[in-house]
Amino acid sequence: MAQSYFMYSIVLLTVLVFSYLATARSTTSYNHNVPVYIYEYWAIVAAPIAIYSLVLGFRYDVGVDFLQYWTIHEYLQIGQLYRPDIDPFYLFTDKVLVFFGLGPWSIFLLTSFLFIGAYYFLLRKHRDILLFSMPMYLVSTFDAENLVRQFFAISLLIVGVSFLLQRRIWIYFAFSALAFLTHSSCILAIISFLLLWKLPKAPLFVFLTLYVFAWIIGPSIFEAFRPVINFCNAIGLMQNYTENVDTIVGNDRMDLFGSASVYSQAFQFVCNASILYFGYQLIEKYRKQGYLFFYYAFAIAITLKPMFQRHELFNRFVHYFSVFSPVIYGYVAYEVFKQSFGNSVVRMFAKAIVISAFAFSIYSFYCGLNADALTMGHGYTFFWERHQ
């Protein structure tokens, strides 16, 4: 476990330091009419991208599904197909890596690079919040190491959304197509993002009411999704997940988060509701930066989570929206530390929420490391250590 703590702490510290440098650089010398800063930006964030890609790309047997992706590549190396239901673009990507003589580690190196690179690409136009958003992104997306193919698709969608918010819709469609051909479950997210892009600002009470309702109804919502699952199965979408409807609607496949304590759940409720409230106050200020889209994605994620968190399949759908939550957290944190909210009491409360939310995310992240080590029977391992 010591190696796990050390490696992930190095990654997190690197992201924190260089995101700070990129943020500081943007506030001291950046002129929005000077494209030179774009090169400076990528020169600064190249370090955390490289460190993250190498550490996570060279991992071995980290996550329950890891060996499946490793085996897919090994089968391709001998001209065979490990399983017939692999989505075509993921399979094509893996075949290209095999063609160039690269080992199974290469698919993890590539997907890790895309995962962190895509978010830095998204935040290139939101540089003031890098210091807050990037670390939160890493500690709140622990599942990315296990759900390799889905987060490959999510990385493509993150890049696509960046173009969508610039009204370059055909580029969004291109990345969306690649994402769909990587993991077909993202079709609902692709459509949802287009709708969120066009939605007008809704009243705050709508967001708060739906959020409270979600916590009240909880996982009992599962049964209502039986027709959706049957439909997806009938048209051939996600058949490897939806072919056993009773298992999916039932509680046979719980995730570890379902066992979180009442105090932990209450703490999350307060933090999310507070960020939902404070984040709403910033919509008009940052509307031109696509803020409303990110706010809707955040609201959807925290609303679906209480209902879906206890089930693997449904919880995976939440990832398509929750990956944008760090943007809202970043803007709220940035404004809080600029002393922009209300009187001193409100600012003190807002700071406490921001700091507590990040601290809890770090705590949950390291708890995830422990849980993964217990499940796998070992801590973080590099691929060259697998036979030792």
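Refer to the structure above for everything that follows.
Caption draft 1: Representation of the overall build of the protein chain in the model. Tallying secondary structure elements over the protein chain gives 18 helices and zero strands in all. For the protein chain, the residues scored as buried account for 54% of the 388 residues in total. Nonlocal contacts in the protein chain, meaning residues at least 24 apart in sequence, comprise 76% of its contacts between residues at least 6 apart. If you sum the accessible surface of the protein chain, you get close to 17,500 Å²; carbon and sulfur atoms cover 67% of it.

Caption draft 2: Focus on unusual backbone geometry. Of note, the phi angle at R167 is positive, near 65 degrees, even though the residue is not glycine. With respect to the element layout, R167 can be found in the loop between α7 (148–164) and α8 (169–182). By relative accessible area, which is 61% here, R167 ends up exposed.

Caption draft 3: Local environment of the side chain of R124. With respect to the element layout, R124 can be found in the loop between α5 (105–122) and α6 (130–139). For the buried R124, which has no salt bridge, the nearest side chain bearing the opposite charge is D128, at an N-O separation of 15 Å. A polar contact is formed between the side chain of R124 and the side chain of S162, at a distance of 2.7 Å.

Caption draft 4: Representation of the nonpolar core in the model. Y120, M134, I158, F193, Y295 and F324 are the most contacted members of the largest nonpolar core, which has 116 residues in total. For this core, the element with the highest residue contribution is helix α15 (residues 291–308), accounting for 14 residues. In this view, Y120 contacts V15, S19, Y41, W42, V45, P48, I49, L130 and M134; residues no more than four positions away in its chain are not counted.

Caption draft 5: Up close: helix α4 (residues 88–99). The end-to-end C-alpha separation of α4 is 16 Å, in line with the 16 Å expected for twelve residues at 1.5 Å each. Buried residues belonging to α4 abut α3 (66–77), α5, α7 and α8. One or two residues past the end of α4 sits G101, with phi positive at roughly 75 degrees.

Caption draft 6: Representation of the environment of A153 in the model. Counting through the fold element by element, A153 comes out in helix α7. C-alpha of A153 to C-alpha of S184: the two residues are 31 residues apart in sequence and 8.8 Å apart in space. The residues contacting A153, other than those within four sequence positions of it, are A179, T182 and H183.

Caption draft 7: Expanded view of the packing of helix α10 (residues 204–217) against helix α14 (residues 262–280). Packing of α10 against α14 leaves a shortest axis separation of 10 Å and a crossing angle of 170 degrees. By the angle between their axes, α10 is roughly antiparallel relative to α14. In this structure, α10 crosses over α14, and the sense of that crossing is right-handed. Of the residues in α14, those touching α10 at L204, F207, L208, Y211, V212 and W215 are Q265, Q268, F269, N272, A273, L276, Y277 and Y280. A per-class count over the contact of α10 with α14 returns eleven nonpolar, three polar and no charged.

Caption draft 8: Focus on the environment of V148. Mapped onto the fold, V148 is located in helix α7. Judged by relative accessible area, which is 3%, V148 ranks as buried. Measuring from C-alpha to C-alpha, the distance between V148 and Y69 comes to 7.9 Å, with 79 residues separating the pair along the chain.

Caption draft 9: Examining the environment of G103 more closely. With respect to the helices, strands and loops of the structure, G103 is situated in the loop between α4 and α5. On a C-alpha basis, the gap between G103 and W70 in space is 9.0 Å, while along the polypeptide they are 33 residues apart. Among all residues touching G103, those that are not within four sequence positions of it are H73 and Q77.

Caption draft 10: Examining α10 more closely. The first and last C-alpha atoms of α10 sit 20 Å apart over 14 residues, in line with the 20 Å expected at 1.5 Å per residue. Taken together, the buried positions of α10 are L204, F207, Y211 and A214. Summarising the axial view, the buried residues of α10 lie within an arc of 105 degrees, below the 170-degree limit, and thus occupy one face. Residues of α10 that are exposed and angled more than 90 degrees away from the buried face: F205 and I216.

Caption draft 11: Broad picture of the packing of aromatic side chains. All chains considered together, the criterion is met by 44 aromatic pairs. Arranged with centres 5.2 Å apart and planes meeting at 75 degrees, the rings of Y41 and W42 form a pair that is edge-to-face. Taking the relative accessible area as the measure of exposure, Y41 reaches 0% and is therefore buried. A residue is classified by how much of its surface remains accessible, and W42, at 29% relative accessible area, is partly exposed. Just above the ring of Y41 sits the side chain of R127; from NZ or CZ to the centre is 5.8 Å. Residue placement shows K198 over the ring face of W197; its charged tip is 4.4 Å from the ring centre.

Caption draft 12: Layout of the pattern of salt bridges. All told, the structure shown has six salt bridges when counted by the stated rule. Measuring nitrogen to oxygen at the nearest pair gives 2.3 Å for the salt bridge that ties R149 to D87. Here R149, found in helix α7, pairs with D87, found in the loop between α3 and α4; they are 62 residues apart in sequence, far enough to count as distant. Here R149 falls in the buried class, since its relative accessible area comes to 5%. Where E284 meets K201, a salt bridge forms, and the shortest distance between an N and an O atom there is 3.5 Å. On the criterion of sequence distance, the pair formed by E284 in the loop between α14 and α15 and K201 in the loop between α9 (187–198) and α10 is long-range, its members being 83 residues apart. In this structure E284 comes out as partly exposed when scored by relative accessible area, which is 48%. The network of salt bridges with common partners includes K201, E284 and R287.

How each quantity is defined
Residues numbered from 1 in each chain as written. Predicted model: local features only at pLDDT ≥ 70, side-chain atom pairs only at ≥ 80, totals over all residues. Heavy atoms only, no water. Helix = DSSP H or I, 4+ residues; strand = E, 2+ residues; numbered from the N terminus. Buried < 20%, exposed > 50% of the residue type's maximum accessible area, 1.4 Å probe, protein only. Contact = heavy atoms within 4.5 Å. Areas by Shrake-Rupley, 256 points an atom, 1.4 Å probe, with all protein chains shown as cover. Lys, Arg positive; Asp, Glu negative; His and termini not counted. Salt bridge = Lys/Arg side-chain N within 4 Å of Asp/Glu carboxyl O. Polar contact = N/O pair within 3.5 Å; in protein donor to acceptor, adjacent residues only side chain to side chain. Core = buried A, V, L, I, M, F, W, Y, C linked by side-chain atoms within 4.5 Å. Expected span 1.5 Å × (residues − 1). Axes fitted to C-alpha atoms, helices over the stretch in contact; angles between N-to-C directions. Parallel < 35°, antiparallel > 145°, perpendicular 65-115°, else oblique. Left-handed = near helix turned anticlockwise from the far one by under 90°. Nonpolar A, V, L, I, M, F, W, Y, C, P; charged D, E, K, R; others polar. Arc of directions from axis to C-beta. Phe/Tyr/Trp six-rings, centres within 6.5 Å; stacked < 30°, edge-to-face > 60°. Lys NZ or Arg CZ within 6 Å of the ring centre and 35° of its normal.

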